[in-house]
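A structural walkthrough
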Amino acid sequence: NAGVTQTPKFRILKIGQSMTLQCTQDMNHNYMYWYRQDPGMGLKLIYYSVGAGITDKGEVPNGYNVSRSTTEDFPLRLELAAPSQTSVYFCASRQTSGGGNTGELFFGEGSRLTVL
Amino acid sequence: AQSVTQLDSHVSVSEGTPVLLRCNYSSSYSPSLFWYVQHPNKGLQLLLKYTSAATLVKGINGFEAEFKKSETSFHLTKPSAHMSDAAEYFCVVSVGGGTYKYIFGTGTRLKVLA
């Protein structure tokens, strides 16, 4: 079982370039999340989705866009890359539960992005 | 509003000695709390979770945590550290209210000395 798969694992961008980070999960999870991790800052939520066709902003959405056309895929697009977007990006998913927030998050291995 | 504070950014212990990683939380709801571990260049893995059942929660690799409502704490412990425990640990609280979002602490890096 692959779980949550992210590509690419590493990428260097020039300022102003655009790119898409791919995320796929094979667990049939409705909920998917994109986080960025900066040293000493924990993980910050960029965008999340509660199902195909439904997305919403998290804490730090500026400079990013997402789409969710299928249950499996949740790509994150960076438009006009800036040095402030240098970070490690994690995609995560969780099961739909009957209620509450008790679900475990399953994480990909991360995508390390450097903007020069 | 929900928040989580990890009281130590770095903890060093000797192999075979106890581990204590401290976490305090703030929540308007009855919280769900989690501890995740991240080994270098890897994703996060769930160690254990509290979801309003037993207040003492046992996780993987010998870790456990106790939910103390009166102290708003959820500290992570292990009786005897192993070299393989060296990693970064994150305390996480659910936002609640049906939002399905989570707040992460800033992490504690555990170093295990031989």
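Residues numbered from 1 in each chain as written. Chains lettered and ligands numbered in written order. Predicted model: local features only at pLDDT ≥ 70, side-chain atom pairs only at ≥ 80, totals over all residues. Heavy atoms only, no water.

Turning next to the overall build of chain A. Counting secondary structure elements, chain A contains zero helices and 11 strands. Beginning at the N terminus, the succession of helices and strands in chain A can be written as β-β-β-β-β-β-β-β-β-β-β. Radius of gyration (C-alpha) of chain A: 14 Å, near the 13 Å computed for a compact globule of 116 residues. The principal-axis extents of the C-alpha atoms in chain A amount to approximately 45 × 30 × 25 Å. (Helix = DSSP H or I, 4+ residues; strand = E, 2+ residues; numbered from the N terminus. Rg over C-alpha atoms; globule rule 2.2 N^0.38 Å.)

A word on the pattern of salt bridges. One pass over the full model with this rule turns up eight salt bridges over all chains. One salt bridge in this structure joins Arg 36 of chain A and Asp 38 of chain A, with 3.0 Å as the shortest N-O distance. Residue classification places Arg 36 of chain A among the buried positions, given a relative accessible area of 11%. Asp 85 of chain B is paired through a salt bridge with Lys 78 of chain B; the nearest N and O atoms lie 2.8 Å apart. The pair Asp 85 of chain B / Lys 78 of chain B is uniform in exposure class, with both members buried. Bridged by salt links that share partners, the residues Lys 9 and Glu 109 of chain A together with Lys 42 of chain B form one connected network. (Salt bridge = Lys/Arg side-chain N within 4 Å of Asp/Glu carboxyl O. Buried < 20%, exposed > 50% of the residue type's maximum accessible area, 1.4 Å probe, protein only.)

According to the stated counting rule, one finds two disulfides over all chains in the structure shown. The disulfide bridge from Cys 23 of chain A ends at Cys 91 of chain A, spanning 1.9 Å between sulfur atoms. Negative torsions about the S-S bond denote left-handed disulfides, and the value of about -70° found for Cys 23 of chain A with Cys 91 of chain A makes this one left-handed. Taken as a pair, Cys 23 of chain A in strand S3 (residues 19-25) and Cys 91 of chain A in strand S9 (residues 87-94) lie far apart in primary sequence, 68 residues in all. One exposure class covers both Cys 23 of chain A and Cys 91 of chain A, and it is buried. Covalent S-S linkage joins Cys 23 of chain B and Cys 91 of chain B, the inter-sulfur distance amounting to 2.0 Å. Linking Cys 23 of chain B and Cys 91 of chain B, the disulfide has an S-S dihedral of approximately -70° and is accordingly described as left-handed. With Cys 23 of chain B in strand S4 (residues 23-26) and Cys 91 of chain B in strand S10 (residues 87-94), this residue pair connects regions lying 68 residues apart in the sequence. The residues Cys 23 of chain B and Cys 91 of chain B share a single accessibility class, namely buried. (Disulfide = S-S within 2.5 Å.)

To continue, consider the sheet that holds S3 of chain A. All names here are of chain A. Ordered in space as S1-S3-S8-S7, the four strands form an open sheet in which the pairing is antiparallel. Strands at the two margins of the open sheet, each flanked by one partner only, are strand S1 (4-7) and strand S7 (64-66). For this sheet, the mean angle separating the axes of adjacent strands, direction not counted, is 20°. (Pairing = 2+ DSSP bridges. Axes fitted to C-alpha atoms, helices over the stretch in contact; angles between N-to-C directions.)

Between chain A and chain B, the contact holds 23 residues from the first and 23 residues from the second. The junction of chain A with chain B conceals about 2,000 Å² of combined surface from both sides, 53% of it contributed by carbon and sulfur atoms. Our count for the contact surface shared by chain A and chain B stands at one salt bridge. Among the ionic pairs, Lys 42 of chain B bridges to Glu 109 of chain A, the shortest N-O distance being 3.6 Å. (Contact = heavy atoms within 4.5 Å. Buried area = accessible area lost by both parts, 1.4 Å probe.)

The next subject is the packing of aromatic side chains. Per the stated rule, a full pass over the model turns up 16 aromatic pairs over all chains. Judged by centre distance (5.7 Å) and plane angle (70°), the rings of Phe 34 of chain B and Tyr 102 of chain B are edge-to-face. Within this pair, whereas Phe 34 of chain B is found in strand S5 (residues 33-38), its partner Tyr 102 of chain B is found in strand S11 (residues 102-104), the two being separated by 68 residues in sequence. In this structure, Phe 34 of chain B and Tyr 102 of chain B share a single accessibility class: buried. Put simply, the rings of Tyr 33, Tyr 35, Tyr 48, Phe 90 and Phe 107 of chain A together with Phe 34, Tyr 36, Tyr 102 and Phe 104 of chain B pair up and form one aromatic cluster. One Lys or Arg, Arg 68 of chain A, reaches over the ring of Phe 74 of chain A and ends 5.9 Å from the middle of that ring. Taking the ring centre of Tyr 31 of chain A as reference, the NZ or CZ of Arg 94 of chain A above it sits at 5.1 Å. (Phe/Tyr/Trp six-rings, centres within 6.5 Å; stacked < 30°, edge-to-face > 60°. Lys NZ or Arg CZ within 6 Å of the ring centre and 35° of its normal.)

Below, the discussion takes up the confidence of the model for chain B. Per-residue confidence for chain B gives a mean pLDDT of 91; residues scoring 70 or more make up 96%. When pLDDT is averaged over each helix and strand of chain B, the minimum, 91, is found for S11 of chain B and the maximum, 98, for strand S3 (residues 19-21) of chain B. (pLDDT = per-residue confidence, 0-100.)

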